[in-house]
Amino acid sequence: MNISQFTTEASDYAVKVDHLFYLESIISGLVVLLVSGLIIVFFALYYRGSSTPRGEVPERKSHEIEIGWTVATLFSFLFLFWWAASDQLTALAPPKQALEIHVVAKQWMWRFQHPSGAREIDELHVPAHTNVRLAMTSQDVIHDLYLPALRLKQDILPDRYTYEWFNATKTGIFHFTCAEFCGTDHSIMAGSLVIMTPEDYARWTAAQPEGDDLAHQGKALFHSLGCSGCHTPGSSVHAPDLHGVYGHVVHLSDGSTRVADEAYLRDCMLLPDTTRVAGFPPIMPNFTGAVDEGQIFELVAYIKSLSADQDAGAQE
Amino acid sequence: MTDVTLPFAPPLDAGGGSYLDEGHTILSWLTTTDHKRIAILYALSITLFFFIGGVAIGLVRLELISPTGLFLTSDEYNRLFTIHGIIMVWFFLVPSIPATMGNFILPMMIGAPDVAFPRLNLLSWYLYVGGAAFTVYVLLSGGVDTGWTFYPPFSSDYSHSNVIAAAAGVFVVGFSSIATGVNFLATIHMLRCPGMTWFRLPLFAWSMYVVSMVMVLATPVLAMSLLLISAERYFGLPIFDPRAGGDPLLFQHLFWFYSHPAVYIMILPAMGVVSEVFACFARRRVFGYGFMVFSLMTIGVVGFMVWGHHMFVAGQSPLANLVFSFLSFIVAVPSAIKVFNWTATLYRGHIGFEAPMIYALGFLGLFTIGGLTGLFLASVPIDIATTDSYFVVAHFHTIMVGGTVSAFMAGIHYWWPKVTGKLYNEFWAQFAAITMFLGFNVTFLPQFVMGWLGMPRRYHYYPDVFQIWHILSSGGAVILAVAYLMPLVYLTWSLFYGEKSPGNPWHATGLEWQTPSPPPKSNFLRPPRVNAEPYDYHDFGRAEETGDESRARPQGDAS
Amino acid sequence: MSDAAGALREPWPNLQLQRQGVGLGMWMFLASEVLFFAALFCGYAVYRSFNAEAFRIASAHTEIVYGSINTVLLLTSSLTMTVALRAATVQLRGLTLFCLAATAALGAAFLVCKGLEYHEDLKQHLFPGPHFPLSPPATQMFWGFYWIMTGIHAVHLTGGILVVLLVFTLFKRRTVPVQGSTMEGVAIYWHFVDSVWLVLYPLLYLAGRP
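1. What to know about a nonpolar patch on the surface
Residues and elements named next belong to chain B.
Move 1: Taken together, the side chains of V55, L59, L62, I65, L70, F71 and I471 define a hydrophobic patch exposed on the protein surface, amounting to about 580 Å² of accessible area.
Move 2: Among the elements that take part in the nonpolar patch, helix 2 (residues 35-63) stands out by supplying three residues, more than any other.
Move 3: Secondary-structure assignment places L70 in the loop between helix 2 and helix 3 (74-93).

Written out as structure tokens, the structure is:
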């Protein structure tokens, strides 16, 4: 391993972060030089017994000086905040169009699922120059996927999806680690981030043993678990039609609304009492224990694909 | 007042009866309600816990010399850094200055015969020592491996360690904090001697006031967080369980709502001490007294509003991140003001190089660096890259060790003659102070570097590219360890063989110095009266040309 | 006169200042207690906003009769405590002692009632765990908070009762004079414990009832 697997600026965002770091380092350096310089000078001039003439000292209320450096400090800090916040905000919203990779963290390993269906353990292949969005959940405690070369990390919680997204600009093999203490083997819960050209990634994906992509696997589950028994237009059971549901607002039976994102769909399967749509009977079974995180994500991928089909006007 | 009293009263002859003469049995110490004796009880116990916590991290740093470890299993390693964090935060740093110097010096500084509730004071020590001893027992017999932060679900559902027992010990010690805070607040409000108005209070007294407020208001939230974790773990109540509608983030919010003000509990007293030391050893008023008081209060208040900066990557909303980032920048402003004011205090002074001054200077430099690195962490993009890495570890150690421990040492040395009536050996003290400063930098500067490079924290094994930094850091830790042992030796030596101290060896102006060293049980020989501002080391508008000690006017008279 | 001298403690210069000091100290301690309960109530409030429906369902199963009786008991005990404090200030020793005893008794009655209520709750398996009868799952969250909130309140109340009994004994044996600063501190604390209940009661018992 070499240090460049951590320190390479593997995206434009990483470059921005480094620039902010250098800016703050320079400002900090100047402040430290100023303060320590003054201290050294004062000591040299004013040690007890030195003959330097002392003369006037600032008056009891030296307000001008105080207000002066208070304001200067305040404005410098506000400037830094503004710079940092702009960087934060531009990197904020994950783009709509992104390659979505599912991440499951558990003590003490990482599982990645590509939309093509490819699965990886402790290794993550991604294409460069592509928006990549990681949808992450934990099977046990809080973990954190730390990608040093991308200057990114995000905590991963159980029963919830959290996200990181990036657009890598450099290819290579980099390091990732867990960055939230998770027990005995926290320090070896790591792996390699392999950034490839888009062509190489496509080749790599095609060469993976898994056959169906996530949506197809999800469709198979949708039938084998009995979801299609209720959630198809011709069913005798009154259940919400899932075509086009992903990404839209849903009105729940308690009057509140939610956006039907991955988290909502996951809650539908595991916490059906909290996600009941208004006007529908409370008969959705609870699938806790019957599906694992990977299967949930496949089902979610399938339901998302229903929206796509809807938009394209295709029949399902 | 027109009376002119000799400011530096000669010491009483032996047998004049100091507080140390009131009973020589252990029982007399264990049942004392004298704030001075209680302060010494605290000093002895926190020193013990400091060294236990130090041994724990010594083992950790030794282990980290090799990227694949030397002699510890991962479970042992995880327990060791948890021990270190719990002991150092709650059994050393939080009580350190308030329970020792606050207890001993504060009443004397304001002209009071004792704290407001002496028996509560003794109870607070028993709560502290009982809770801490229990926790250390728990930590050593099986241990806890959750880190001092106790995050669920790991701590509530997954850890196979003595979480509840450790939490219970910390819970009990929390009450010691609250009791001390209540005591100090009542003391400062109600027992100031005649003439000691609010704006004549020395800055150390102000720092005790603000820190007491924070202790009283923040500690109970910690208590509740620990109680909820224990309830979840012991009774199986699903408090932070998402499957029952709960959220692990609630714990983090509650925990950090305390733990951020806690770091201000750790630094505010240090700031108070350092103000006293700079004034005395530069023979200058503290520059900008009013702004210094205002800054202390602002830090105390705004410190309650920034806890979310520990959770930028935890899963809270981007808006929350923005708000907490902004407030974190704001809370740094009063600290910066204080740094400038301390520096300005040196201007045209008559600066000595005694050990307290060296420690105070170490504080000034290291607090500045530590505080500046806080700005890095307040910037969300940098924090995303560096949180949970050694950058954060270096940041908080710079402030807590470089800052608070340096100030603690400054105060110990400054008030040592007052407390013990003995003078410590100045050469060894200066040597230790400089060694500590150097050792600190060798230990922690490499940690800033490796944190930025990508070295995560709480890691037993690590990628070998970081080894050189770890070796440097561990080497520095050895130097630090030696530097911490030195005061133990020469201070103890001074108790037996040290030169006897005059009442006011530093010619300081504080009221606590206008009484014999060591003081009588009632603190003063006659009821004190304050008639001057604090730090009256020179005429207004003029610095003395010669630093003539007799110019320093005491704040009042009491002997 | 001798009573007054006995009441004065170090380091206070006079009794009036001591009383003020004890009052101030007790209020500050209460500030910490307020934060303690506030953290708990904050958790409750957050979860209730996430799971409004489930909390309504769960709250409907609380024993409102027991809860209401307890409310009356505590409010009455605050009355007796107030009378005790006033009596102490004007040195009506007998009345002070009687009211202190009554306060303790009412507090104890509250605990007995609470115990019966807990028994009832446990009979219905309203403790989060495998036999919990309600759904959706967030009803367990409500009940988890119910046990913790009422339990911690009961602990505080028990502490209060013990202190009241201790003070009663000290007064009875004339170890401590009645008109000192002790009564004030005890009374402030007791009223606080009552106030916590007055917040608990609607949060737990009335949430699910129209």
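2. What to know about the domain arrangement of chain A
Residue and element names in this part refer to chain A.
Move 1: When its domains are assigned, chain A resolves into domain 1 (1-43 + 66-211) and domain 2 (214-315).
Move 2: Summarising the inter-unit geometry, the C-alpha centres of domain 1 and domain 2 are found 32 Å apart.
Move 3: On the side of domain 2, twelve residues touch domain 1, which itself brings 19 residues to the contact.
Move 4: Carbon and sulfur atoms supply 49% of the area that domain 1 and domain 2 bury against each other, a total of about 1,200 Å² over both sides.

3. Digging into helix 7 (residues 163-190) of chain B
Move 1: With 28 residues, helix 7 of chain B extends 41 Å between its outermost C-alpha atoms, agreeing within 8% with the 40 Å of an ideal straight helix rising 1.5 Å per residue.
Move 2: Buried residues dominate helix 7 of chain B, accounting for 21 of its 28 residues.

4. A closer look at the confidence of the model for chain B
Move 1: Per-residue pLDDT for chain B has a mean of 93; in total, 96% of the residues score no lower than 70.
Move 2: Note on the complex model: pTM 0.92, ipTM 0.92.

5. Observations concerning the pattern of salt bridges
Move 1: On inspection of all chains with the given rule, the structure shows 19 salt bridges over all chains.
Move 2: E354 of chain B serves as the salt-bridge partner of R48 of chain A, at 3.2 Å between the closest nitrogen and oxygen. Taken together, the residues span two chains, with R48 of chain A in the loop between helix 2 (12-46) and helix 3 (63-90) and E354 of chain B in the loop between helix 11 (318-346) and helix 12 (355-378).
Move 3: Note on R48 of chain A: relative accessible area 27%, which makes it partly exposed.
Move 4: Among the residues examined, E354 of chain B registers a relative accessible area of 17% and is labelled buried.
Move 5: Here R119 of chain A ties to E298 of chain A by a salt bridge, and the two come within 2.8 Å at their closest N and O atoms. Residue R119 of chain A is located in strand 3 (residues 119-121), and its partner E298 of chain A is located in helix 8 (residues 293-312); the two are separated by 179 residues in the primary sequence.
Move 6: Residue class for R119 of chain A comes out partly exposed when judged on its relative accessible area of 35%.
Move 7: Here E298 of chain A falls in the buried class, since its relative accessible area comes to 5%.

6. Examining the interface of chain A and chain B
Move 1: Residue-level contacts link 83 residues of chain A with 93 residues of chain B.
Move 2: When the two sides are added together, the surface that chain A and chain B hide from each other amounts to roughly 7,800 Å², 68% of it contributed by carbon and sulfur.
Move 3: Three residues, F43, R48 and F181 of chain A, lead the burial of chain A against chain B; their summed loss comes to 11% of the area buried on that side.
Move 4: Inspection of the chain A/chain B interface yields two salt bridges.
Move 5: The shortest N-O distance in the salt bridge between D159 of chain A and R243 of chain B comes to 3.0 Å.
Move 6: Counting across the interface, chain A meets chain B through 22 residue pairs in polar contact (both at pLDDT 80 or more).
Move 7: Secondary-structure elements contributing two or more residues to the side of chain A that touches chain B are helix 1 (4-7), helix 2, helix 3, strand 6 (143-147), strand 7 (152-156) and strand 9 (172-178) of chain A.
Move 8: Here the element with the most residues in the side of chain A that touches chain B is helix 3 of chain A; it accounts for 17 residues.
Move 9: Split by residue class, the side of chain A that touches chain B holds 43 nonpolar, 21 polar and 19 charged.

7. Concerning the packing of helix 11 of chain B against helix 12 of chain B
Residue and element names in this part refer to chain B.
Move 1: Two elements in contact, helix 11 and helix 12, have axes whose closest approach is 10 Å; the angle formed by their N-to-C orientations is 155°. Relative to helix 12, the element helix 11 is oriented roughly antiparallel. Like other packed secondary-structure pairs, helix 11 and helix 12 cross with a definite hand, here left-handed. Packed against helix 11, whose contacting residues are S325, S328, F329, A332, S335, V339, W342, T343 and L346, the element helix 12 presents M357, L361, F363, L364, F367, T368, L375 and A378 at the interface.

8. Quick notes on the environment of D213 of chain A
Move 1: Note on placement: D213 of chain A falls in the loop between helix 4 (198-207) and helix 5 (214-224).
Move 2: Each residue touching D213 of chain A, except ones within four places of it in the same chain, is listed here: P115, S116 and G117 of chain A.

9. Structural notes on the state of the cysteines
Move 1: Going through the model one piece at a time under the given rule, you end up with zero disulfides over all chains.
Move 2: Unpaired in terms of disulfides, C182 of chain A finds its nearest cysteine sulfur in C178 of chain A, a separation of 3.8 Å.
Move 3: A relative accessible area of 0% places C182 of chain A in the buried class.
Move 4: No disulfide involves C280 of chain B; its sulfur sits 19 Å from the nearest other cysteine sulfur, which is in C193 of chain B.

10. Observations concerning the sheet that holds strand 4 (residues 123-127) of chain A
All names here are of chain A.
Move 1: Strand order in the open sheet formed by five strands is 4-10-9-6-7, and the pairing between neighbours is mixed. Of all strands in the sheet, those bounded by a partner on one side alone are strand 4 and strand 7. Strand after strand, the sheet turns through a mean of 20° between neighbouring axes, direction not considered.
Move 2: This element, helix 4, spans strand 4 and strand 10 (190-196) of the sheet and lies at about 130° to strand 4.

11. Topic: the nonpolar core
Move 1: By size, the foremost hydrophobic cluster in this structure holds 330 residues, and its most contacted members are W110 and L134 of chain A together with W90, F91, Y128 and L346 of chain B.
Move 2: With 23 residues, the top contributor of residues to this core is helix 9 (residues 248-282) of chain B.
Move 3: If you look at the next biggest cluster of nonpolar residues, it comprises 28 residues, including Y161, L242, V291 and I296 of chain A.

12. Brief notes about the packing of aromatic side chains
Where two aromatic rings form a pair, the distance of their centres and the angle of their planes describe that pair.
Move 1: Applying the stated criterion to the full structure yields 86 aromatic pairs over all chains.
Move 2: Measuring from ring centre to ring centre gives 5.8 Å for F281 of chain B and Y414 of chain B, while their planes differ by 70°; the resulting arrangement is edge-to-face. Here F281 of chain B is found in helix 9, whereas its partner Y414 of chain B is found in helix 14 (residues 390-420), with 133 residues between them in sequence. Each member of the pair, F281 of chain B as well as Y414 of chain B, is classed as buried.
Move 3: A ring pair is formed by F142 of chain C and W143 of chain C, whose centres lie 5.7 Å apart and whose planes are at 75°; its orientation type is edge-to-face.

Rules used in this analysis
- Residues numbered from 1 in each chain as written.
- Chains lettered and ligands numbered in written order.
- Predicted model: local features only at pLDDT ≥ 70, side-chain atom pairs only at ≥ 80, totals over all residues.
- Heavy atoms only, no water.
- Patch = residues over 30% accessible without salt bridge, like charges linked within 9 Å, V, L, I, M, F, W, Y side chains within 5 Å.
- Areas by Shrake-Rupley, 256 points an atom, 1.4 Å probe, with all protein chains shown as cover.
- Salt bridge = Lys/Arg side-chain N within 4 Å of Asp/Glu carboxyl O.
- Helix = DSSP H or I, 4+ residues; strand = E, 2+ residues; numbered from the N terminus.
- Domains from an automatic or database assignment.
- Contact = heavy atoms within 4.5 Å.
- Buried area = accessible area lost by both parts, 1.4 Å probe.
- Expected span 1.5 Å × (residues − 1).
- Buried < 20%, exposed > 50% of the residue type's maximum accessible area, 1.4 Å probe, protein only.
- pLDDT = per-residue confidence, 0-100.
- Polar contact = N/O pair within 3.5 Å; in protein donor to acceptor, adjacent residues only side chain to side chain.
- Nonpolar A, V, L, I, M, F, W, Y, C, P; charged D, E, K, R; others polar.
- Axes fitted to C-alpha atoms, helices over the stretch in contact; angles between N-to-C directions.
- Parallel < 35°, antiparallel > 145°, perpendicular 65-115°, else oblique.
- Left-handed = near helix turned anticlockwise from the far one by under 90°.
- Disulfide = S-S within 2.5 Å.
- Pairing = 2+ DSSP bridges.
- Core = buried A, V, L, I, M, F, W, Y, C linked by side-chain atoms within 4.5 Å.
- Phe/Tyr/Trp six-rings, centres within 6.5 Å; stacked < 30°, edge-to-face > 60°.

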